[in-house]
Amino acid sequence: MDYNMTRKRYEIAGYKVVMTTYFQRTRRKAEAYRAQTEWSEDEADIIIDYEPEYLENVQKKSKMKLSLEDWEYLYTGEVFHRRVVKKNGCMIHSSAVAVDGYAYLFSADSGTGKSTHTALWKQYLGEKAVILNDDKPIVRRKGELWYVFGTPWSGKTDLQVNDCAKLGGIVFLKRSEKNTIKEISVGEAIPKYLKQTIHQVSKEETMDLILTQMEQILVETPLYEMGCNISEEAASLAYHTIRRV
């Protein structure tokens, strides 16, 4: 099979990234993150480089019926998120919506309704609300504050932008016929958080970094658990409860 290989420089979540791609999906979604300044590969924080034969082997062994293009998108995202851990950042599986300079993360297992809920924020608040990333935003510290960044890896949707906002809160969602929201403690949030970030790592030092970052983020961030249905009332309740301004 002939492959259309490109190797380009990107600036993603404040990191200088060099990434090799062979397929259009990853390339298209990463285009908004193309580096706007000149720098050499030696300056890169993260390099994502692989041979297409690797994905061919993954595809053959997997029970998932995905194209090589889809496998590349998943693989490059996984590599990026794992490398970020050593660069003082982390991925939280969530839909991140930004309003008035603050980003709020709605996190839950796939299929629970994260994207549906943040779409309701868009419906309720209009252009005031922006989806930074609909599946795998990056959280990293800048100065004394935690910020949420968009990335090209946004799951099944194209809802992601090359922008960032201060982390305003983390909400762990669950389905419910009635809309309810309450603050939770760090201890209550830890198992919920660990389910939604990278937790299968091979090196002890990497896990130590993940746990250290988790502790800092949870201690310094408002935390909530919300039961919600598919209604604009759910977005209104969440917004007026957790908004920072």
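Conventions and cut-offs
Residues numbered from 1 in each chain as written. Predicted model: local features only at pLDDT ≥ 70, side-chain atom pairs only at ≥ 80, totals over all residues. Heavy atoms only, no water. Helix = DSSP H or I, 4+ residues; strand = E, 2+ residues; numbered from the N terminus. Rg over C-alpha atoms; globule rule 2.2 N^0.38 Å. Buried < 20%, exposed > 50% of the residue type's maximum accessible area, 1.4 Å probe, protein only. Contact = heavy atoms within 4.5 Å. Lys, Arg positive; Asp, Glu negative; His and termini not counted. Charge placed at Lys NZ, Arg CZ, Asp CG, Glu CD. Expected span 1.5 Å × (residues − 1). 1 Å grid on protein atoms, 1.4 Å probe; cavity = no way out; pocket = protein on both sides within 12 Å on 5 of 7 lines; lining within 4 Å. Points joined across faces, edges and corners; volume = space filled by probe spheres on them. Nonpolar A, V, L, I, M, F, W, Y, C, P; charged D, E, K, R; others polar. Phe/Tyr/Trp six-rings, centres within 6.5 Å; stacked < 30°, edge-to-face > 60°. Axes fitted to C-alpha atoms, helices over the stretch in contact; angles between N-to-C directions. Parallel < 35°, antiparallel > 145°, perpendicular 65-115°, else oblique.

A. Just the overall build of the protein, in detail. Helix and strand counts for the protein come out as seven helices and twelve strands. Taken over C-alpha atoms, the radius of gyration comes to 18 Å for the protein, in line with the 18 Å a tight globule of 245 residues would show. Viewed in the frame of its principal axes, the protein has a C-alpha envelope of about 55 × 35 × 35 Å. For the protein, with 245 residues in total, the buried portion stands at 47%. By sequence separation, contacts in the protein at least 24 residues apart represent 69% of the contacts at least 6 residues apart. With 35 positive and 35 negative side-chain charges, the protein shows a spacing of 3 Å between the two charge centroids.

B. Expanded view of helix α3 (residues 68-85). Taking 1.5 Å per residue, 18 residues should reach 26 Å; α3 reaches 26 Å between its end C-alpha atoms and fits that length. Taken as a whole, α3 has its buried residues at Leu-68, Trp-71, Glu-72, Tyr-73, Thr-76, Gly-77, Val-79, Phe-80, His-81, Val-84 and Val-85.

C. Quick look at the side chain of Thr-118. In this fold, Thr-118 is placed in helix α4 (residues 114-125). By relative accessible area, Thr-118 is classed as buried at 1%.

D. Spotlight on the layout of surface pockets. The space that makes up the largest pocket amounts to roughly 1,200 Å³. Forming the boundary of the largest pocket are 45 residues, of which His-93, Ser-110, Asp-135, Lys-136 and Gly-155 lie nearest the centre. Looking at the lining of the largest pocket, the elements with two or more residues in it are α2 (52-61), α3, α4 and β10 (164-175). Among the residues forming the lining of the largest pocket, the class breakdown is 15 nonpolar, 18 polar and twelve charged.

E. Spatial organisation of the packing of aromatic side chains. In this structure the tally under the stated criterion is eleven aromatic pairs. Relative to Tyr-239, the ring of Tyr-124 has its centre 6.3 Å away and its plane inclined at 65°; by these criteria the two rings are edge-to-face. Highlighted residues: Tyr-124 in helix α4 and Tyr-239 in helix α7 (residues 232-242), separated in sequence by 115 residues. Judged by relative accessible area, Tyr-124 falls into the partly exposed class, the value being 28%. Relative accessible area serves as the criterion here: at 4%, Tyr-239 is assigned to the buried category.

F. Just the packing of α2 against α3, in detail. Put simply, α2 and α3 touch, their axes get as near as 10 Å, and they point 105° apart. Looking at the two axes, α2 sits roughly perpendicular to α3. Here α2 contributes Tyr-54, Leu-55, Glu-56, Val-58 and Gln-59 to the contact with α3, which in turn contributes Leu-68, Trp-71, Glu-72 and Tyr-75.

G. Layout of unusual backbone geometry. Notably, Ala-13 is not glycine yet its phi reads approximately 55°, a positive angle. Tracing the chain through its elements places Ala-13 in the loop between β1 (6-12) and β2 (15-21). Within the chain, Asn-88 stands out as a residue other than glycine whose phi angle is a positive 65°. Tracing the chain through its elements places Asn-88 in the loop between α3 and β4 (89-91). Its relative accessible area of 55% is what places Asn-88 among the exposed residues.

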